[in-house]
Amino acid sequence: MNTQKVFYSFFLLFFSSVVVHAQPKVEIMQPKVAFDIPLATQMLNTGHAEIVGTAYYEGKSPLGIKIGDKWYAKPGSTIYLYPLTPYLKEYLALKSKNKEGKRIATISPLANSYRVEAKVYNNKGEFIIPHLSVGSYYLETAIMENLLVFEASGIVEIKTDNEKVVYSLKHTYRKKM
């Protein structure tokens with residue numbers, strides 16, 4: 001009987017000293033500018049230009065020196081193209097302030113639905129996005145290699161209606177302050 005009391009006392013003492021910490025709240029940041037549906041629709045539906053690209057990630061040291069191999073997006077990987085509206089520009093500015101575990105920028109479901117998806121069609125990460133009009137676009141994809149996932153994103157500008165833009169989607173877009 002005495003052994004049981006000691007055991008229960010130890011058990012209560014041990015578990016009463018365990019403190020449960022809740023996850024800190026993550027701040028969700030969204031653009032304040034209204035999403036421009038007519039502009040986004042016009043940019044996505046009315047052109048004759050196209051983007052021909054390659055999606056890959058190449059490692060770089062903190063000094064910007066290339067290290068390691070190029071990792072190409074796998075066949076079937078999705079490339080997302082968004083019209084670069086004022087809403088998306090504000091989102092990208094907020095995204096540059098992301099801090100893991102503290103705050104994250106997101107876009108509305110409406111803005112997210114105004115995009116074009118293309119697929120990588122070979123082992124060299126190549127893709128084509130046709131039927132675009134003049135304007136600037138934000139491209140984004142995920143490059144997966146082994147258990148690692150890298151974001152490749154960038155801004156592409158189409159200057160004329162029949163232009164064929166060749167683009168390497170290889171770095172994470174960061175707005176320069």
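Details of the structure are given in the entry above.
What counts and what doesn't
Residues numbered from 1 in each chain as written. Predicted model: local features only at pLDDT ≥ 70, side-chain atom pairs only at ≥ 80, totals over all residues. Heavy atoms only, no water. Helix = DSSP H or I, 4+ residues; strand = E, 2+ residues; numbered from the N terminus. Polar contact = N/O pair within 3.5 Å; in protein donor to acceptor, adjacent residues only side chain to side chain. Phe/Tyr/Trp six-rings, centres within 6.5 Å; stacked < 30°, edge-to-face > 60°. Buried < 20%, exposed > 50% of the residue type's maximum accessible area, 1.4 Å probe, protein only. Contact = heavy atoms within 4.5 Å. Core = buried A, V, L, I, M, F, W, Y, C linked by side-chain atoms within 4.5 Å. Pairing = 2+ DSSP bridges.

## Some remarks on the environment of Lys95
Looking at where Lys95 falls in the secondary structure, it is placed in helix H3 (residues 86-95). The sequence separation of Lys95 and Ala105 amounts to ten residues, and the corresponding C-alpha distance is 5.0 Å. Here the side chain of Lys95 touches Tyr138 through a polar contact of 3.0 Å, side chain to side chain. A polar atom in the side chain of Lys95 sits 2.8 Å from the side chain of Glu140.

## Thoughts on the packing of aromatic side chains
For the coordinates displayed, the defined rule picks out seven aromatic pairs. Aromatic pair Phe35 and Tyr87: ring centres 5.6 Å apart, planes at 85 degrees, arrangement edge-to-face. Within this pair, whereas Phe35 is found in the loop between strand E1 (27-29) and helix H2 (37-45), its partner Tyr87 is found in helix H3, the two being separated by 52 residues in sequence. The class for Phe35 is buried, based on a relative accessible area of 16%.

## Concerning unusual backbone geometry
Both trends apply: most residues other than glycine have a negative phi, and most peptide bonds are in trans. With a phi close to 60 degrees, His131 is a non-glycine residue in the positive phi region. One can find His131 in strand E7 (residues 126-132).

## Some words on the environment of Asp161
Tracing the sequence through the fold places Asp161 in the loop between strand E9 (148-158) and strand E10 (164-169). The sequence separation of Asp161 and Gly135 amounts to 26 residues, and the corresponding C-alpha distance is 9.4 Å. Excluding residues within four positions of it along the chain, Asp161 makes contact with Gly47, His48, Ala49, Leu132, Ser133 and Val134. Here the side chain of Asp161 touches His48 through a polar contact of 2.9 Å, side chain to side chain.

## Details of the nonpolar core
Ile51, Ile79, Leu81, Phe127, Ile129, Tyr137 and Leu139 are the most contacted members of the largest nonpolar core, which has 22 residues in total. Where this core is concerned, the elements lending two or more residues are H2, strand E2 (49-60), strand E4 (78-83), E7, strand E8 (135-145), E9 and E10. Considering every element that reaches this core, the biggest residue donor is E9, with four residues. In terms of nonpolar packing, the next biggest core, distinct from the first, is built from 14 residues, Ala105, Ile107, Ala111 and Tyr138 among them.

## Quick look at the pairing of E4
Within E4, five of the six residues are buried, leaving the element largely enclosed by the surrounding structure. Of the pairings in the sheet, the one linking E4 to strand E6 (residues 116-119) comprises four bridges and is antiparallel in character. Residue Leu81 lies in a different strand from E6, and its bridge partner there is Val116. In the sheet, E4 pairs with E8 via four bridges, with the strands oriented antiparallel. Directly across from Tyr82, in E8, lies its bridge partner Tyr138.

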